[in-house]
Amino acid sequence: MSQLTACAFLIGLVIFTCGAAADSDGGAQLIGVKSIANNLIVKGMDVTVQYDIYNVGDKAAMNVQLEEDGFPIDYFAVRSGFQHVRWTRLPPGANVSHTLILTPLQTFVFNASHAVMRYKVSDEATGSTVGYTTSPGEIAVIETADYDRQFSAHAMDWLTFGMMTTPSIIIPFLLWYASVRKYSNLASHSSRKNN
Amino acid sequence: MRVFAVSVLLLALLAFHAVLAQESAAGGASPEDQLEEEGNVESEGAERAEKVPTGSAADSGAGEPGMASDTPSAEQQDEMTKLQLGPSDKVQLSHLFLYPAGAGQVGRSLDLPTGKTIRVAMHMRNKGDSTFHVDLATAAFRYPMDMSYVIQNFSTVRYHGQDVEPGREASFVYQFNTDPQLAARSFGLTVQLGYRDAEGKNYLHSAINQTVSLFEPDEGFDGETFFMYIFLIVLAALACAGIWYLLKTYTPAKKLAAKSRHAVKSSKAAALSADSADGSAPNNNNGGLSPGGNYNLEWIPQQHLDIKNRRAKTAQSPRQRKTHAVAHVGTVMIHVPDAAVAHSTMLRPERSHSSAVAKQEGCVSSRMQAGGQGPDAEPVDRIAEASQTSHKEDSRSAIANSGQSGQQTLLALAAWLLTLPGMSAEQMAA
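Parameters and conventions
Residues numbered from 1 in each chain as written. Chains lettered and ligands numbered in written order. Predicted model: local features only at pLDDT ≥ 70, side-chain atom pairs only at ≥ 80, totals over all residues. Heavy atoms only, no water. Helix = DSSP H or I, 4+ residues; strand = E, 2+ residues; numbered from the N terminus. Buried < 20%, exposed > 50% of the residue type's maximum accessible area, 1.4 Å probe, protein only. Contact = heavy atoms within 4.5 Å. Areas by Shrake-Rupley, 256 points an atom, 1.4 Å probe, with all protein chains shown as cover. Polar contact = N/O pair within 3.5 Å; in protein donor to acceptor, adjacent residues only side chain to side chain. Phe/Tyr/Trp six-rings, centres within 6.5 Å; stacked < 30°, edge-to-face > 60°. Pairing = 2+ DSSP bridges. Axes fitted to C-alpha atoms, helices over the stretch in contact; angles between N-to-C directions. Core = buried A, V, L, I, M, F, W, Y, C linked by side-chain atoms within 4.5 Å. UniProt positions renumbered as here; feature names shortened; annotations may be inferred. Patch = residues over 30% accessible without salt bridge, like charges linked within 9 Å, V, L, I, M, F, W, Y side chains within 5 Å. Salt bridge = Lys/Arg side-chain N within 4 Å of Asp/Glu carboxyl O.

As annotated in an unreviewed UniProt entry, chain B carries the name Translocon-associated protein subunit alpha and is attributed to Macrostomum lignano.

Chain A is annotated in an unreviewed UniProt entry as Translocon-associated protein subunit beta from Macrostomum lignano.

Undergrad: In this structure, what is going on with the overall build of chain B? I would like to understand it.
TA: Secondary structure summary: chain B contains 15 helices and nine strands in total. Taking all 430 residues of chain B together, 34% fall into the buried category. Long-range pairs, those at least 24 residues apart, make up 66% of the contacts in chain B between residues at least 6 apart in sequence. Of the roughly 26,700 Å² of accessible surface on chain B, a fraction of 58% belongs to carbon and sulfur atoms.

Undergrad: Looking at this model, I keep getting lost on the side chain of E169 of chain B. Mind explaining?
TA: Inspection of the secondary structure assignment puts E169 of chain B in strand 7 (residues 169–177). On the accessibility criterion, E169 of chain B (1% relative accessible area) is buried. A distance of 3.0 Å separates polar atoms of two side chains, one belonging to E169 of chain B and the other to H123 of chain B. Those residues within four positions of E169 of chain B in sequence are excluded, and the remaining contacts are L30, Y119, T129, V130, G131 and Y132 of chain A together with H123, M124, R125 and V164 of chain B.

Undergrad: Would you explain the packing of aromatic side chains in this entry?
TA: Note on aromatic pairs: each is described by the distance of the centres and the angle between the planes. Residue and element names in this part refer to chain A. The final tally for this structure, using the stated rule, is 22 aromatic pairs over all chains. Ring plane angle 15° and centroid distance 6.0 Å describe the contact between F173 and Y177, whose orientation is recorded as stacked. Of the two residues, F173 and Y177 are both situated in helix 3 (residues 155–194); the distance of four residues between them amounts to about one turn of the helix. With relative accessibility at 43%, the residue F173 sits in the partly exposed group. An aromatic cluster of three or more residues is present, and its members are F71, Y75, F76, F108 and F110.

Undergrad: Looking at this model, I keep getting lost on the sheet that holds strand 5 (residues 76–80) of chain A. Mind explaining?
TA: As a general point, the strands of a sheet are linked pairwise by backbone hydrogen bonds and lie either parallel or antiparallel. Residue and element names in this part refer to chain A. Strand order in the open sheet formed by four strands is 1-3-7-5, and the pairing between neighbours is antiparallel. The open sheet terminates on both sides in strands that have one partner only, identified here as strand 1 (30–36) and strand 5. The mean inter-strand angle of the sheet, taken between neighbouring strand axes irrespective of direction, is 30°. Two strands pair when backbone bridges link them, and strand 5 and strand 7 (residues 95–104) are joined in this way by four bridges, in the antiparallel orientation. Looking at strand 7, one finds that S80 is bridged to I101.

Undergrad: So what exactly am I meant to see when it comes to the sheet that holds strand 9 (residues 116–120) of chain A here?
TA: Taken in spatial order, the seven strands make up an open sheet running 6(A)-4(A)-9(A)-10(A)-7(B)-3(B)-1(B), and their pairing is mixed. Every other strand in the sheet has two partners, leaving strand 6 (84–90) of chain A together with strand 1 (91–99) of chain B as the edge strands with one partner each. The mean angle between the axes of side-by-side strands here comes to 25°, regardless of whether they run parallel or antiparallel.

Undergrad: I tried to follow the nonpolar core on my own but got confused; where do I start?
TA: If you look at the biggest cluster of nonpolar residues, it comprises 36 residues, and the most contacted ones within it are L112 and M124 of chain B. Only strand 10 (129–132) of chain A together with strand 1, strand 3 (117–126), strand 4 (132–143), strand 6 (157–164), strand 7, strand 8 (186–196) and strand 9 (202–215) of chain B provide two or more residues apiece to this core. Discounting chain neighbours no more than four positions away, the residues touching L112 of chain B are F97, P100, A103, I118, F176, L189, V212, S213, L214 and F215 of chain B. Counting 27 residues, the second-largest nonpolar core is a separate cluster that includes V47, I53, W87 and I139 of chain A.

Undergrad: Would you take a moment to explain the UniProt feature "transmembrane region" (unreviewed entry) in chain A for this structure?
TA: Summarizing the sequence annotation, UniProt attributes the feature "transmembrane region" (unreviewed entry) to residues 158–178 of chain A in the numbering used throughout. Annotation note: span residues 158–178 of chain A, helix share 100%, strand share 0%, distance between end C-alpha atoms 29 Å.

Undergrad: Please explain the UniProt feature "transmembrane region" (unreviewed entry) in chain B as it appears in this structure.
TA: As annotated by UniProt and renumbered to match this structure, "transmembrane region" (unreviewed entry) occupies residues 226–247 of chain B. Taken as a whole, residues 226–247 of chain B contains 100% helix and 0% strand, while its terminal C-alpha atoms sit 32 Å from one another.

Undergrad: Looking at this model, I keep getting lost on the pairing of strand 3 (residues 47–55) of chain A. Mind explaining?
TA: For a regular strand, side chains alternate in direction, first toward one face of the sheet and then toward the other. Residue and element names in this part refer to chain A. Most of strand 3 sits out of view: seven of its nine residues are buried. In the sheet, strand 1 pairs with strand 3 via seven bridges, with the strands oriented antiparallel. Pairing of I31 across the sheet is with Y54, part of strand 3. Pairing between strand 3 and strand 7: eight bridges, direction antiparallel.

Undergrad: Sorry if this is basic, but what is going on with unusual backbone geometry here?
TA: Most peptide bonds take the trans form, and the phi angle of most residues other than glycine is negative. Going from Y99 of chain B to P100 of chain B, the amide bond is cis rather than trans, its omega being -5°. Checked against the element boundaries, P100 of chain B lands in the loop between strand 1 and strand 2 (111–113). A positive phi is found at N63 of chain A, a non-glycine position, where the angle reads about 50°. With respect to the helices, strands and loops of the structure, N63 of chain A is situated in strand 4 (residues 61–67). Positioned with a positive phi, H154 of chain A is a non-glycine residue whose angle comes to about 55°. Locating H154 of chain A in the fold gives a position in the loop between helix 2 (144–151) and helix 3.

Undergrad: Please clarify how a nonpolar patch on the surface should be interpreted in this entry.
TA: A cluster of nonpolar side chains, namely I169, I170, F173, L174, W176, Y177 and V180 of chain A, defines an oily patch on the protein surface of about 690 Å² accessible area. A relative accessible area of 39% means that Y177 of chain A is categorised as partly exposed.

Following this line, the structure appears as structure tokens:
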């Protein structure tokens, strides 16, 4: 009997301590990292925005939603990916990635803000927890001409250059060639005549 | 053993002191504790362990009266106020290493590579009733035994007052670079998030506050080592080549003579034997060497070795040879003054007409002396007559009729250059 009570007391103690040691609240914790994969953001060229969500909590996060409303429709056209994504379940220690590809429509300096995550910290939780992802900060969209000046093949420029430098090379060559042909003809002609 | 026990005791005291300091700072501590911490920054090592207990003993023993005697100035008080930054108990922080992934997890020690960018994500949960504004994040490498002693401060990243409403969470990324020179050392890493509450009170909350050991990552391909090996191989090859060359150069002369005796089988033997002292045996070529045995004669062309036979081979007097060359060159020289002939590079345009005429006469006279030159007689005649009138037309016909190839003209030029002194004498005579 005393053993039973002792056991019950111990179990109760364990449960109590488990409940009390809720420094981390015991539920899911989602870290959202939003980053822009481009080195240069050019008007008319794709911008890749990557979202990584990590669960650093103890329990699975349920009904994870990612909402991205920070790219206005006037300034960015969505090429690929969704701005509102949902995952049913994210286990503890796991992570998910999502990519959004946009095209800037204008040249401007843009403040890329955070996206919003909503999730339930556990199965039993009543309401959703709202979390913010990281913010990439200010991004500058540059003109296509500036980008091309640095990175394009400049094929037309090379063609024009070739056409403009051709006379300086061709004319002396033709003069030389005519001269060589004339005098080699003369030399061979005279040698034939003498021999 | 005793020293160890004493140091353990001191560490425990230090930990207790640090905990006290933090709690008191959170609750709005007295400035004395902060001043105590800052005052102890300069010393390190074993001295630290001994100073700390006296400091803390003085602090606990003396208490208020001892400290109140040193009234801090206004400037110092501002500094001290700034230092009173601790965490808020309404905020819960957790962290995750993005690079290197999985560092510092449960059961694994926190090891960071040197020379890399370390990325940390911090998660902040607002459990309070008012909005917090997150301002910055900063990090530092500290002395592991005394976390108030900073070894390296990392840059502060600003988050521009990002709002975190009550009940909400936010994530922040912080990154810093570890210097390659810090390999194989352990530091106390602190990564702190700075935020303020609705009233404007600042907080500095440590997301990471633990000892980390740095290691040098294995790169795989080390360019430095690779090229060092190449350099050593080349040095060894060079040394071998040098030794081989030395051995070859300084072997005794007997070996060299024996080698060349085997090698020489040409008719040079006959020529050399003619020059030798006895001049009898045709095969006594002295092993391809000179009669004195000093130098090697194998490389000298045959015509230079036949010194005594040179006259016999060419059946022409020097005088005849000279005028023959002049005749050849004369055909080319006549049309020089007027025609700009690019292909005749050996021509000298500044020669006057009179000299050309003199050469003509010389040509004719020499021709008569020699008694006919051969196939070139005809064209020389024609050129001599017609050159007075128009040079330009004659130039082309002269070249056409002379039947000269490029090589012949070059040889003629060389002969002409050799007989130049003779020609000037001729002109003076004529």
